[in-house]
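Structural description and commentary
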Amino acid sequence: MKRIYLDYAATTPVHHEVLQAMLPYFTESFGNPSSIHSIGQEAKLAIEQARGKIAELIGARSDEIVFTSGGTEADNFALKGVAFANESKGNHIITTKIEHHAVIETCKFLEKLAFRVTYLPVDEYGLVDPDDVRKAITNKTILISVMHANNEVGTIEPIAQIGKIAKEAGIYFHTDAVQTVGHIPVNVDELGVDLLAMSAHKLYGPKGVGALYIRKGTKLVSFMHGGEQERRRRASTENVPGIVGFGKASELARQDMDEEAKRLSYLRDKLITGLLERIDHIKLNGHPSNRLPNNVNISVDFVEGESMLLNLDLEGICASTASACSSQSLEPSHVLLAMGLSHEQAHGSLRFSLGKWTTENEIEHVLDVMPRIVAKLRAMSPLLKS
Ligand SMILES: *Cc1c(COP(=O)(O)O)cnc(C)c1O
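Residues numbered from 1 in each chain as written. Predicted model: local features only at pLDDT ≥ 70, side-chain atom pairs only at ≥ 80, totals over all residues. Heavy atoms only, no water.

**Some points on the overall build of the protein chain**
Applicable threshold: Elements are defined by DSSP. Helices are runs of H or I of four residues or more, strands are runs of E of two residues or more, and each kind is numbered from the N terminus. C-alpha atoms define the radius of gyration, and 2.2 Å times the number of residues to the power 0.38 defines the globule rule. Under the scheme applied here, a residue whose accessible area is under 20% of the maximum for its type counts as buried, over 50% as exposed, and between as partly exposed, the area being computed with a 1.4 Å probe on protein chains only. The contact criterion used throughout is that any non-hydrogen atoms of two residues lie within 4.5 Å.
Across its full length, the protein chain carries 12 helices and 12 strands. Compactness check: the protein chain gives a C-alpha radius of gyration of 21 Å against a globular reference of 21 Å for 386 residues, within 12% of the reference. Oriented by its inertia axes, the alpha-carbon framework of the protein chain measures out at about 70 × 55 × 35 Å. Within the protein chain, buried positions represent 57% of all 386 residues. Pairs at least 24 residues apart make up 73% of the contacts formed inside the protein chain by residues separated by at least 6 positions.

In structure tokens form, the structure reads like this:
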């Protein structure tokens, strides 16, 4: 059976050109970038070229990019790094209820130390109100962290507006841009951010590598202590092939971003409209228009998301119940609950995320299969009391 992958928000396959770019750095160009000899310097040069490509993608300077082991580490680095370096100024952090676990759990950890965290609410579409950010600021606030686009429902947040507020107040501003970098335009100056987290495996690069953008002059403590790599901000021998792959993926993303966003938005809207037409008692989660080009998230009444997922999988269709992180647990999505959905609606949610190899035929196939699956599950549903 040919499988249909619609879970690009969880991870993407490595682009073949990315893999080709990476391969030499496992074998002939295997050097340690800290070594003085030519094999080491070859690796060092490759890292710096990759850094330049990533900086270019987000409108930053090369020396403002620090490589990490992924998006999670970049978020941890931003939050802990700023918190620990600015304790003397204050202990208050502002974030939202819909952040990725990498941010939420780091904030919970900081709360166990001496920090206080405000988790801002969102509206029914998952939007944060910039005015709420403004009102939450106190003279103890040292950091604001709001994600650029939500990974579950695709809502794009008003980051530029929040950036202005943060700047006026002289407070550091971090955004988790793991879902947007390489997919929609991201420019650190236009967004007004001081810190920005990215991850290669969400844009057709390899897993286990990411980066944190750190605006020049931002005070934060190093994440790993040891050698002098990454200008002493993140010790440990660099993941050279991974970084090279991240650089290549960034270069490719820049080339086809606009075209790809247009193509995916069309397929996304076809899937949304088709599902809403063919299935009753179903609702779209997230903002109707201000959403990621590849995200479709729905709640289907009277059925469990997990059951839909398993039935889709039997048909070769890979989707997700909101996020890869919640797919192992029975807790409903914190994002959907924050948007005001009931536990039942949150449990009946399903996310399709589209990507580079998604075709119109695949979308049509999903539109054929879904009504059948929902009808079958509803026929045996204890939730459906008529
Ligand atoms: C995937 C993801 C992360 C985590 O990135 P990893 O590289 O898997 O650690 C963080 N934030 C968001 C919004 C994500 O989608």
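**Overview of the domain arrangement of the protein chain**
Stated formally: Where a domain begins and ends is set by an automatic assignment or by a domain database. Two parts lose some accessible area (1.4 Å probe) when they are put together, and adding that loss for both gives the buried area.
On domain assignment, one finds that the protein chain holds domain 1 (4–11 + 257–385) and domain 2 (16–252). If you average the C-alpha positions of domain 1 and of domain 2, the two centres end up 28 Å apart. With 29 residues of domain 1 at the interface, the matching set in domain 2 holds 31 residues. When domain 1 packs against domain 2, close to 2500 Å² is buried across both sides, 59% of that on carbon and sulfur atoms.

**Observations regarding the sheet that holds strand 7 (residues 195–199)**
What counts, and what does not: When DSSP finds at least two bridges between two strands, those strands are taken to pair. Axis definition: a line fit to C-alpha positions, over the contact stretch in the case of helices; interaxial angles, taken between N-to-C directions, run 0 to 180 degrees.
Strands sit in the order 2-8-7-6-5-3-4 across an open sheet of 7 strands; the sheet is mixed. Of all strands in the sheet, those with a lone pairing partner are strand 2 (65–68) and strand 4 (116–120), marking the two edges. On average, each strand axis in the sheet is inclined to that of its neighbour by 20 degrees, with strand direction left out of account. Sitting on the sheet, helix 3 (residues 71–85) is in contact with strand 2, strand 3 (92–96), strand 5 (141–145), strand 6 (172–176), strand 7 and strand 8 (210–214), with an inclination near 160 degrees to strand 7.

**Some details on unusual backbone geometry**
Of note, E230 is a non-glycine position whose phi angle comes to about 50 degrees, a positive value. Residue position: E230 is located in the loop between strand 8 and helix 8 (240–278). What makes E230 buried here is its relative accessible area of 7%. Positive phi is not limited to glycine here, since H281 has a value of about 55 degrees.

**Regarding the pattern of salt bridges**
Pairing is possible between side chains that carry opposite charge, provided their charged atoms lie close to one another. So the rule is basically this: Each salt bridge in this description consists of a side-chain nitrogen of Lys or Arg and a carboxyl oxygen of Asp or Glu lying within 4 Å of one another.
For the structure shown, the criterion picks out 22 salt bridges. When the shortest N-O distance is used, the salt bridge between E251 and K53 registers 2.9 Å. Of this pair, E251 sits in helix 8 while K53 is found in helix 2 (residues 38–58), placing the two residues 198 residues apart along the sequence. For E251, a relative accessible area of 23% gives the class partly exposed. With relative accessibility at 29%, the residue K53 sits in the partly exposed group. Across the pair K248 and E251 runs a salt bridge, and its minimum N-O distance is 3.5 Å. Here the residue K248 and the residue E251 both occupy positions in helix 8, the gap between them amounting to 3 residues, near one helical turn. Among the charged side chains, a network of salt bridges with common partners joins K44, E48, R51 and E230.

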